[in-house]
Amino acid sequence: MKSASSIVAICIGAVALASPQGLVGEGEGPAKQFNGWDQNGDGQLVKNELPPALQKNFTRVDGNGDGFISIDEHLAVKRKSRNPSQIEGVRNLSDLSYAANENPRQKLDLYLPDSHSAEEKALPVVCWIHGGGWRNGEKTNGQRIAGLAASGKYAGVSIGYRLTGEAQWPAQIHDCKAAIRWIRSHAEEYGLDSERIAVWGSSAGGHLVAMLGVAGVEEGLEGDVGSDTELSSAVTCVVDFYGPTDLLRMNEQGSTMDHDATDSPESLLIGGAIQDHPGKAQGASPISYVSDRAATSIAPMLVVHGTEDPLVPYQQSVDFHEALVEAGVSSALVSVAGAGHGKGFGPKVQAIVLKYLAQQLLSEDGETVDQSLRAGE
């Protein structure tokens, strides 16, 4: 059994484990879908901005009848259609506060197998941290975690965190670390194994899980959120799906987005244009924490990225992986040729992730190594 200092933090960001589609097309979820349809970028949808097949649903989604669909109306419909509590064999305990307050962003959803009781053998935990550019997204897409819980082998946690419209860095990592500490604090109550916790995330969620992995005990990143501040937020392993790892280099590595702009997701994260605040940007970059610490203090990583990602350059994951390996950290890079930002990830990617989880959390034999796949495989 792994020590408590090696808690698994696998942030699950973009993979629908309970879905036959696997990883394909999950990306950043409903918020990204909304932004893609919002052709004029005004933050609301008119009927002709929807795909033709969905225009018939406009009136139903436009709940207040003002002639526009807001992001809140869009997300409300998505929540109803993706309710993970409907997965057979899974018990959902939603909106548990890890911050000892009533902030709806500082809560988590816990998924347990119906057959599990706290008195039984403690279950390893797989956590999901959503993406959305640190400014969108919700914990309610926990069907990924619920699918794992349905297997009876894991408990699942979907973590919410404060978005940049409410708070800037390092509030986001403070929240995620508080959630990990909460899991440890409540392990006995819910029958969880506090020595086996995994986190998995995509895009912004991938960034946050990578930070959990490289800065498990980093002074200044722990924060004082919640009532369990004496506990460790260290993690055992990370599954990072195309997360930004070096904020200052994103533009030079090629992207359809101007990451240096004052209104870019990265600039909004740190509270100013990243090139004007290089110290803050480096402090929010996982790669900055790799070379100056012992390899044993950094969690093993599985890094997955599409080579044609138009938003987060593929080179971000290549450089991060190479830095981890050079530092002596266990890291495997899965490159998906032709895949984009959460698009083109096929069943082989899903199988690799599931095997990695089993190796890290269930002590199954084998080792996950670097692999190159084609989009859709």
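Owing to the predicted nature of the structure, the values given are computational and were not obtained by experimental measurement. (Residues numbered from 1 in each chain as written. Predicted model: local features only at pLDDT ≥ 70, side-chain atom pairs only at ≥ 80, totals over all residues. Heavy atoms only, no water.)

K.L.:
What is the right way to read the overall build of the protein from this model?
P.N.:
In terms of helices and strands, the protein carries 11 helices and 11 strands. Looking at the 377 residues of the protein, the share that counts as buried comes to 58%. The long-range fraction of contacts in the protein, counting pairs at least 24 apart against all pairs at least 6 apart in sequence, stands at 76%. In the form shown here, the protein has an accessible surface area of approximately 14,900 Å², with 48% of it arising from carbon and sulfur atoms. (Helix = DSSP H or I, 4+ residues; strand = E, 2+ residues; numbered from the N terminus. Buried < 20%, exposed > 50% of the residue type's maximum accessible area, 1.4 Å probe, protein only. Contact = heavy atoms within 4.5 Å. Areas by Shrake-Rupley, 256 points an atom, 1.4 Å probe, with all protein chains shown as cover.)

K.L.:
Any chance you could explain helix 4 (residues 143-150) here in plain terms?
P.N.:
Side chains three or four residues apart in an α-helix point the same way, a direct result of the helix having 3.6 residues per turn. Helix 4 sits mainly inside the fold: seven of its eight residues count as buried. The set of residues buried in helix 4 consists of Gln143, Arg144, Ile145, Ala146, Gly147, Leu148 and Ala149. Turning to helix 4, the residues buried within the fold contact strand 3 (90-97), strand 4 (107-113), strand 5 (123-129), strand 6 (155-159) and helix 11 (347-361). Two residues or fewer past helix 4, Gly152 is found with a positive phi of approximately 85°.

K.L.:
Honestly, the sheet that holds strand 4 in this entry has me stumped. Any pointers?
P.N.:
The mixed open sheet is built from nine strands, whose spatial order is 3-4-6-5-7-8-9-10-11. Looking at strand neighbours, the two that pair on one side only are strand 3 and strand 11 (371-374), the edges of this open sheet. Between one strand axis and the next, the sheet turns through 20° on average, direction left out of account. Sheet analysis places strand 4 next to strand 6, joined by four bridges and oriented antiparallel. Within strand 6, the residue paired with Tyr111 across the bridge is Gly156. Contacts between helix 5 (residues 171-185) and the sheet are confined to strand 3, strand 4, strand 5, strand 6 and strand 7 (192-202), with strand 7 contributing the most and set at about 155° to the helix. (Pairing = 2+ DSSP bridges. Axes fitted to C-alpha atoms, helices over the stretch in contact; angles between N-to-C directions.)

K.L.:
Got a minute to help me understand the packing of helix 5 against helix 7 (residues 204-214) in this structure?
P.N.:
For any two helices packed against each other, one specifies the inter-axial angle together with the distance between the axes. Relative orientation of the contacting elements helix 5 and helix 7 amounts to 65°, with a least axis distance of 10 Å. As far as their axial angle goes, helix 7 and helix 5 are roughly perpendicular. For the crossing formed where helix 5 meets helix 7, the hand is right-handed. In contact with Gln172, Ile173, Cys176 and Lys177 of helix 5, helix 7 contributes Leu208, Met211 and Leu212. Here the contact of helix 5 with helix 7 is composed, by residue class, of five nonpolar, one polar and one charged. (Parallel < 35°, antiparallel > 145°, perpendicular 65-115°, else oblique. Left-handed = near helix turned anticlockwise from the far one by under 90°. Nonpolar A, V, L, I, M, F, W, Y, C, P; charged D, E, K, R; others polar.)

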